[in-house]
Amino acid sequence: MSHQTVIVLDFGGQYNQLIARRVRECGVYCEVKPYTTSLETLKDMEPIGFIFTGGPNSVYDEKAPHVDPAIFELGVPVLGICYGCQLMAHTLGGRVTAAQDDTAREYGKTETYYDTACKLFKGLPAEGVSWMSHGDYMEKVPTGFTLVAHSDNCPNVAIADEIRGFYGVQFHPEVNHTQHGTDMIHNFLYEVCGAVGDWSMGDYKNTAIRAIREKVGDGKVLLALSGGVDSSVAAALLAEAVGNQLTCVFVDHGLMRKNEGDEVEAAFSKWDINFVRVDAETRFLLKLAGVAEPEHKRKIIGEEFIRVFEEEAKKIGRVDYLVQGTIYPDVIESGAGDAAVIKSHHNVGGLPDYVDFKEIIEPLRLLFKDEVRQLGRELGLPEYLVMRQPFPGPGLAIRVIGDLTKEKLDTLRDADAIYREEIAAAGEDKSINQYFAVLTNTRSVGVMGDGRTYDYTLALRAVTTSDFMTADWARIPYDVLDRISTRIVNEVPGINRIVYDITSKPPATIEWE
Ligand code: XMP
């Protein structure tokens, strides 16, 4: 079945996948294509609309990306965002100049006034906050365009040529900070492009299954199962696509939470798939002995994972493909394109240079966490699995700060189990998206009974977030924190002090390493 398609033309913006995600959220199929894609190819896709993304350039930069002006002759509506807006204005005969002073350069949340007679803003409030991030300024708009939004500093925040269906906004409607941003994208799709909403996560599932079958043929597939949401959803997808050609390997690296290895085995050995649990605790701890630097730990774990898989693959014989549950935020934070490396997520940046498989398949690579959960439901996974909080691939290795020992890991496991138990008992687990304990490498003096102690400090982390790319620290009630602290210090030897992490992301990250 074919769908109406919208093409997001990528000019190197930070938020281009977020735009695609918003379009999908509105029930419209969408593909992100680089701006270098030929006009012929774009035409062949028969899009109902184009969205031009933002980008780091100024239209006058020597190397600034451009479009074939004939794209504006196709009779297909265009929404230009930030750089995309300036590029459209520039290409159609307007004038864009670098802002000389602060009056025209805008960054951050900006009060914006909209012309609600314009289709883009139809049915929305005439005033609201938008998220700006632009240095260039549209000095003269092209013929046929009118101004449809302004801010206190800038007269031309949005432009429209309603006859040709061309719209441009200087702000980013795709980010949460822009009030009614998704509604504006919805208006562009439904009011301007004539979208009918013929796409859903069920379609994504079917398309992904078809693509996997086509690629894999009768080859054998190995999947790295951690028991977390992403790899479980990937497993369900692959199981449906290729059935018993799939073997799921669960590497128990000894860095799991308390009892987790047994729980994962219990859950998945019930499924009608080939399931293998590899007990690799000793070999991981040996490799990690004496390693304190976080990136180094991550690389070691990433590499060792792959080596274990390769060995398992050899036992199965002729395995062609390795599947990983990489999701989009992992890709960005490991440094995709020009974005900076924050952490090497073990399933992306942590990969060794040499991988002994024909290919790695990452069927969730373009999805955000909540989309992955939705896909999981679509595949019939139980709610408890779909709603599990994320757990990083390198496991507790990045929650024991500094060098690792089995003893430290066991201490953290016990403390973390109490923390999670009390959070659930208090009913706080519904509103907190991720919570866990971190064993710091700081020791301090305490007094217990009549004696002096010199033990470790445990940090509690809890965050609320929808996409895990930004997060706020959770306001856990003091009495709950009190219960957790008292229980851990009383029940877990080696810990005599508890602190609560009150930093959001950014500037911190969710994990400590
Ligand atoms: P940070 O610490 O970067 O974490 O704010 C964002 C989210 O990603 C999880 N995380 C990982 N997940 N492999 C994973 O699969 C990793 O290497 C990894 N590192 C962090 C983290 O738990 C949080 O949900």
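A few points on the structure. Because the structure is a prediction, the values reported are computed rather than measured.

With respect to the pairing of strand E4 (residues 78–81)
Neither face of E4 is exposed, since Val78 and Gly80 on one face and Leu79 and Ile81 on the opposite face are all buried. Relative to E4, strand E3 (residues 49–52) runs parallel, the two being bridged by 3 bridges. In the strand pairing of E4, phenylalanine 50 is matched with valine 78. When E4 meets strand E11 (residues 166–169), the two strands line up parallel, connected through 4 bridges. Residue pairing for E11: valine 78 is matched across the bridge by phenylalanine 166.

So, the packing of aromatic side chains
The description of an aromatic ring pair uses the distance of the two centres, along with the angle that the planes make with each other. Scanning all chains against the criterion turns up 13 aromatic pairs. Ring centres of phenylalanine 72 and phenylalanine 166 lie 5.4 Å apart, and the angle between their planes is 75 degrees; on these two criteria the pair is classed as edge-to-face. Of this pair, phenylalanine 72 sits in the loop between E3 and E4 while phenylalanine 166 sits in strand E11, and the two are 94 residues apart along the sequence. Between phenylalanine 284 and phenylalanine 305, the ring centres sit 5.8 Å apart and the planes meet at 70 degrees, which makes this aromatic pair edge-to-face. Separated by 21 residues along the polypeptide, phenylalanine 284 in helix H8 (residues 281–288) and phenylalanine 305 in helix H9 (residues 294–316) bring together distant segments of the chain. Assessed through its relative accessible area of 0%, phenylalanine 284 is described here as buried. A residue is classified by how much of its surface remains accessible, and phenylalanine 305, at 9% relative accessible area, is buried.

Things to note about helix H14 (residues 478–491)
Along an α-helix, a turn takes 3.6 residues, which lines up residues three or four apart on a common side. For H14, which comprises 14 residues, the first-to-last C-alpha distance of 20 Å matches the rise-based estimate of 20 Å (1.5 Å per residue) to within 8%. All buried positions along H14 are accounted for by Val480, Leu481, Ile484, Ile488 and Val489. Across the axial projection of H14, the buried residues extend over an arc of 150 degrees, all falling on one side. Among the exposed residues of H14, those pointing more than 90 degrees away from its buried face are Tyr478 and Asn490. Buried residues in H14 make contact with helix H13 (406–425), strand E17 (434–448), strand E18 (451–464) and strand E20 (495–500).

So, the pattern of salt bridges
Evaluation of the coordinates by the stated rule reveals 40 salt bridges. Between lysine 369 and aspartate 230 there is a salt bridge whose closest N-O contact spans 3.0 Å. With lysine 369 in helix H11 (residues 369–378) and aspartate 230 in helix H6 (residues 229–242), this residue pair connects regions lying 139 residues apart in the sequence. Residue classification places aspartate 230 among the buried positions, given a relative accessible area of 12%. One salt bridge in this structure joins arginine 475 and aspartate 472, with 3.3 Å as the shortest N-O distance. Given a relative accessible area of 33%, aspartate 472 falls into the partly exposed group.

Considering the sheet that holds strand E15 (residues 319–323)
With respect to topology, 5 strands assemble into an open sheet ordered E14-E13-E12-E15-E16, the strand pairing being parallel. Whereas interior strands pair on both sides, the edge strands pair on one side only; in this sheet they are strand E14 (274–279) and strand E16 (359–361). Averaged over neighbouring strand pairs, the angle between their axes works out to 30 degrees when direction is ignored. Examined bridge by bridge, strand E12 (residues 220–224) and strand E13 (residues 246–252) share 4 bridges and lie parallel to one another. Note that in E13 the partner of valine 221 across the bridge is leucine 246. Packed onto the sheet, helix H5 (residues 201–216) meets E12, E15 and E16 and runs at close to 165 degrees relative to E16.

Examining unusual backbone geometry
The step from lysine 505 to proline 506 runs through a cis peptide bond, and the omega angle for that step is -15 degrees. Relative to the helices and strands, proline 506 is located in the segment after E20. Omega for the bond connecting proline 506 with proline 507 falls within 30 degrees of zero, at 15 degrees, which places this linkage in the cis form. Tracing the backbone shows proline 507 in the segment after E20. Look at histidine 180: it is not a glycine, yet its phi comes out positive at around 60 degrees. By the element assignment, histidine 180 lies in the loop between E11 and helix H4 (181–192). With relative accessibility at 37%, the residue histidine 180 sits in the partly exposed group. Of note in the backbone geometry, asparagine 259 takes a positive phi value of approximately 65 degrees without being a glycine. Tracing the backbone shows asparagine 259 in the loop between E13 and helix H7 (260–268).

Rules of the game
Residues numbered from 1 in each chain as written. Predicted model: local features only at pLDDT ≥ 70, side-chain atom pairs only at ≥ 80, totals over all residues. Heavy atoms only, no water. Buried < 20%, exposed > 50% of the residue type's maximum accessible area, 1.4 Å probe, protein only. Helix = DSSP H or I, 4+ residues; strand = E, 2+ residues; numbered from the N terminus. Pairing = 2+ DSSP bridges. Phe/Tyr/Trp six-rings, centres within 6.5 Å; stacked < 30°, edge-to-face > 60°. Expected span 1.5 Å × (residues − 1). Arc of directions from axis to C-beta. Contact = heavy atoms within 4.5 Å. Salt bridge = Lys/Arg side-chain N within 4 Å of Asp/Glu carboxyl O. Axes fitted to C-alpha atoms, helices over the stretch in contact; angles between N-to-C directions.

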